[in-house]
Amino acid sequence: MEKVTLIATATMGLEALVAREVKDLGYEDVQVENGKVTFTADISAIPRANLWLRTADRVKVKIGEFKAYTFDELFEKTKALPWADLIPVDAEFPVIGKSVKSKLFSISDCQAIVKKAVVESMKKKYKQGWFDEDGPFYRIEVALHKDVATLTIDSSGTGLHKRGYRYLHNEAPLKETLAAAMIMLSAWKPDRPFADPFTGSGTIPIEAAMIGQNIAPGFNREFVSEDWHWIGNDVWDKARQEVEDVARYDQPLDILGADIDHRSVELASNNAMEAGFGDLIKFKQMQVKDFRHRGEYGILIGNPPYGERLGERPEVEEMYRDMGKTFNQFLETWSVYMLTSHEGFEELYGKKATKKRKLYNGNLKVDYYQFFGPRPPRN
C-alpha cells in the first residue's frame, strides 16, 4: 500500500490549526471540513501524525466513502471494500457508529450491518467461517452524515489529548489539545517569558514547554497502530527517531505556573516532573491580584473559573476585575490571553480584547480573549 487517506479529527474551532500542523509535517493534499482534516500521504504519515499533531483528537485511516440510503446498500458497499488487505485474520475489530441527518439513523443497526459486511468480506479472502478476534486491535467506525457513509479505522487508540504525563488532574481539567491550541494561537516564542496564573494541573505550562523545545506531544505514549503489520516496526522506529533528532532539549525557557490552591501547585509540579520538565517549569502558590513577573514582553495564558456554578458568579466576577487591574498595572508589556464562557468578561476586565475567537471547552462554548501587548524590541 503506497498511499493512505487519513482523517485527523478536531474539536470545533480548531480545524484550521490542525490543518496548519498537517501542512507543517509536509503534507499538501489537505481538505478542511467541520470537525475534521483529511489528507493523503504515504504510510509513514500514520506514525508521524499520531506523534506530532498537538491539536487533533485522533488520526483515522479512511477505508471508503459512499452514499447509503438503505441497509442493503450499506451492507453491499461496505463488503466491497478491501478489509482483508488491512485487517489480519486474528484481529479484534469492533464497530462503533454515529449518524447525523441520515435515513439510516439507527446506530446499533448500522454497526451490526457493517460488522457483518466486514466479516463476509474477510471470509472470502481468508477462506474461513469464524474469526477468534484475539489479535491486534482495529476499531472500525461507520459515520453517516447526510446519507454519506464514511468507513474508517482508528489508528490512535486512546485519544491524542492523552499525552502520558497527566496521571492526576483537578476537577475540570483542560484538554491538552485545547491547551496546545491556546498557545499556538498566541504570539509566544521560546525566547519570551510565559505564565499561566490559573495553572490547575499544569497542562498549559507543560504544553508550552513541549512546544518551546519542539518535543512531539506523543513522544511518551503508545498507539494502537504500532501493532499493525502493514505499517511495520521500521516505519515506527524511523518516526520516533525523527522525534528525538529534532527535539531541542537545551532550549532555555522561562515558564511559570501559578494557582491560588496549594494542592493544584503540588499536582502541577508532579505532572511537570512526569513530563520531564521538573527543573524547567516553576510553580508558585499565588492569587491573581498578587500576580507579578519580572520578565518583559511575556505571554500570559489562562483558563480561569467561568462562574458557571450557582453561587460562584459574584466571586468569579470580582476576580476578573482584580485580574484586569493587576495585569494592566504590573504587566504593561505583556500580551494576555484568557478563555472563558462569561459573556461580560471584557467589561469586568476593564478593557476590550484586541481579538476574540470562539472555541469549545468540551461541550461548552467559550471565547478566547486576546489582549495584545507591545511588540518586543528587536535585538
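Remember, it's a predicted structure, so these values are computed and weren't measured experimentally. (Residues numbered from 1 in each chain as written. Predicted model: local features only at pLDDT ≥ 70, side-chain atom pairs only at ≥ 80, totals over all residues. Heavy atoms only, no water.)

Let's shift gears to the overall build of the chain. A count of helical and extended segments in the chain gives ten helices and 14 strands. The dimensions of the chain, computed from C-alpha atoms along their principal axes, are 75 × 45 × 35 Å. Burial status across the chain gives 54% buried among its 379 residues. Within the chain, counting contacts between residues at least 6 apart in sequence, those at least 24 apart form 76% of the total. Here the chain displays about 18,500 Å² of accessible surface, and carbon together with sulfur accounts for 49% of that area. Here the chain contributes 52 positively and 57 negatively charged side chains, and the mean placements of these two sets differ by 5 Å. (Helix = DSSP H or I, 4+ residues; strand = E, 2+ residues; numbered from the N terminus. Buried < 20%, exposed > 50% of the residue type's maximum accessible area, 1.4 Å probe, protein only. Contact = heavy atoms within 4.5 Å. Areas by Shrake-Rupley, 256 points an atom, 1.4 Å probe, with all protein chains shown as cover. Lys, Arg positive; Asp, Glu negative; His and termini not counted. Charge placed at Lys NZ, Arg CZ, Asp CG, Glu CD.)

Before going further, it helps to spend a moment on the nonpolar core. Residues Phe-39, Leu-74, Trp-83, Ile-87, Ile-140, Leu-151 and Trp-230 are the most contacted members of the largest nonpolar core, which totals 62 residues. Broken down by element, the residue count for this core peaks at seven residues, all from helix H4 (residues 107–126). Each residue touching Leu-74, except ones within four places of it in the same chain, is listed here: Phe-66, Ala-68, Leu-104, Cys-110, Ile-113, Val-114, Val-142 and Ala-149. One finds Ala-181, Ala-208, Tyr-320 and Phe-371 within the second-largest nonpolar core, a separate group that totals 60 residues. (Core = buried A, V, L, I, M, F, W, Y, C linked by side-chain atoms within 4.5 Å.)

Where side chains of opposite charge bring their charged atoms close, a pairing between them can arise. Scanning the model with the defined rule gives 16 salt bridges in all. The closest approach of N and O atoms between Glu-141 and Lys-60, which form a salt bridge, is 2.7 Å. Taken together, the residues Glu-141 in strand E6 (residues 139–145) and Lys-60 in strand E4 (residues 58–67) connect sequence positions 81 residues apart. By sharing partners, the salt bridges in this structure join Arg-58, Arg-139 and Asp-154 into a single network. (Salt bridge = Lys/Arg side-chain N within 4 Å of Asp/Glu carboxyl O.)

Judged by pairing direction, the sheet is mixed, and its seven strands sit side by side in the order E2-E3-E1-E4-E7-E6-E5 without closing on themselves. Single-partner strands in this sheet number two, and they are strand E2 (30–33) and strand E5 (95–100). On average, adjacent strands in this sheet sit at an angle of 30° to one another, irrespective of strand direction. Across six bridges, the pairing between E5 and E6 is parallel. Paired with Val-100 across the two strands is His-145, which belongs to E6. Packing of helix H2 (residues 45–52) onto the sheet brings it into contact with strand E1 (3–9), strand E3 (36–42) and E4, and relative to E3 it is tilted by some 140°. Together, E4, E6 and strand E7 (148–154) form the strand contacts of helix H3 (residues 71–79), whose direction differs from that of E4 by roughly 120°. (Pairing = 2+ DSSP bridges. Axes fitted to C-alpha atoms, helices over the stretch in contact; angles between N-to-C directions.)

This brings us to the packing of H3 against H4. It is at 8 Å that the axes of H3 and H4 come closest, and there the two elements cross at 35°. Where H3 crosses over H4, the two elements pack in a sense that is right-handed. Contacts between H3 and H4 involve Phe-71, Leu-74, Phe-75, Thr-78 and Lys-79 from the former and Asp-109, Cys-110, Ile-113, Val-114, Lys-116, Ala-117, Val-118, Glu-120 and Ser-121 from the latter. (Left-handed = near helix turned anticlockwise from the far one by under 90°.)

The subject of this paragraph is the packing of helix H5 (residues 176–184) against helix H6 (residues 203–212). Across the interface, H5 lies against H6 with an axial gap of 9 Å and an inter-helix angle of 60°. Between H5 and H6, the crossing angle belongs to the class labelled oblique. The chirality of how H5 crosses H6 is right-handed. Here Glu-176, Ala-179, Ala-180, Met-182, Ile-183 and Met-184 of H5 come into contact with H6, specifically with Thr-203, Ile-204, Glu-207, Ala-208 and Ile-211. For the contact of H5 with H6, the residue count by class is eight nonpolar, one polar and two charged. (Parallel < 35°, antiparallel > 145°, perpendicular 65-115°, else oblique. Nonpolar A, V, L, I, M, F, W, Y, C, P; charged D, E, K, R; others polar.)

Assignment of secondary structure puts Gln-251 in the loop between helix H7 (233–246) and strand E9 (255–259). If we skip the residues at most four places from it in the chain, Gln-251 touches Pro-190, Gly-212 and Gln-213.

Here the focus is a negative patch on the surface. A surface patch of like charges, here negative, comprises Asp-90, Glu-92, Asp-132 and Asp-134. Asp-90 gets classed as partly exposed once you look at its relative accessible area, which sits at 33%. (Patch = residues over 30% accessible without salt bridge, like charges linked within 9 Å, V, L, I, M, F, W, Y side chains within 5 Å.)

Attention shifts here to the side chain of Arg-54. Mapped onto the secondary structure, Arg-54 falls in the loop between H2 and E4. Despite its burial, Arg-54 pairs with no opposite charge; the closest candidate is Glu-21, at 4.8 Å N-O. One polar contact links the side chain of Arg-54 to the main-chain carbonyl oxygen of Ile-215, over a distance of 2.9 Å. Ignoring sequence-local partners within four residues, the contact set of Arg-54 consists of Glu-21, Arg-163, Thr-177, Ala-180, Met-184, Met-210, Ile-211, Asn-214, Ile-215, Ala-216 and Pro-217. (Polar contact = N/O pair within 3.5 Å; in protein donor to acceptor, adjacent residues only side chain to side chain.)

Sheet architecture is open: seven strands sit in the order E10-E9-E8-E11-E12-E14-E13, paired in mixed fashion. Each having just a single partner strand, strand E10 (281–285) and strand E13 (355–361) make up the two edges of the open sheet. Looking at each pair of strands side by side, their axes are set apart by 20° on average, direction ignored. Bridge count between strand E11 (residues 299–302) and strand E12 (residues 335–340): four bridges; the pairing is parallel. Each bridged residue has a counterpart across the sheet, and for Ile-301 the counterpart in E12 is Tyr-337.

When the UniProt feature table is mapped to this numbering, "domain: THUMP" (unreviewed entry) covers residues 45–155. End-to-end, the C-alpha atoms of residues 45–155 are 11 Å apart, and along that stretch the chain is 33% helix and 27% strand. (UniProt positions renumbered as here; feature names shortened; annotations may be inferred.)

Let us now look at the packing of aromatic side chains. In the structure shown here, the tally under the stated rule is 16 aromatic pairs. Between Tyr-320 and Phe-345, the ring centres sit 4.9 Å apart and the planes meet at 80°, which makes this aromatic pair edge-to-face. Here Tyr-320, found in helix H9 (residues 313–330), pairs with Phe-345, found in helix H10 (residues 345–349); they are 25 residues apart in sequence, far enough to count as distant. Cation over ring: Lys-115 sits above Phe-93, and NZ or CZ is 3.8 Å from the ring centre. For Arg-292, the ring lying beneath its charged end belongs to Phe-330, and the centroid distance is 3.5 Å. (Phe/Tyr/Trp six-rings, centres within 6.5 Å; stacked < 30°, edge-to-face > 60°. Lys NZ or Arg CZ within 6 Å of the ring centre and 35° of its normal.)

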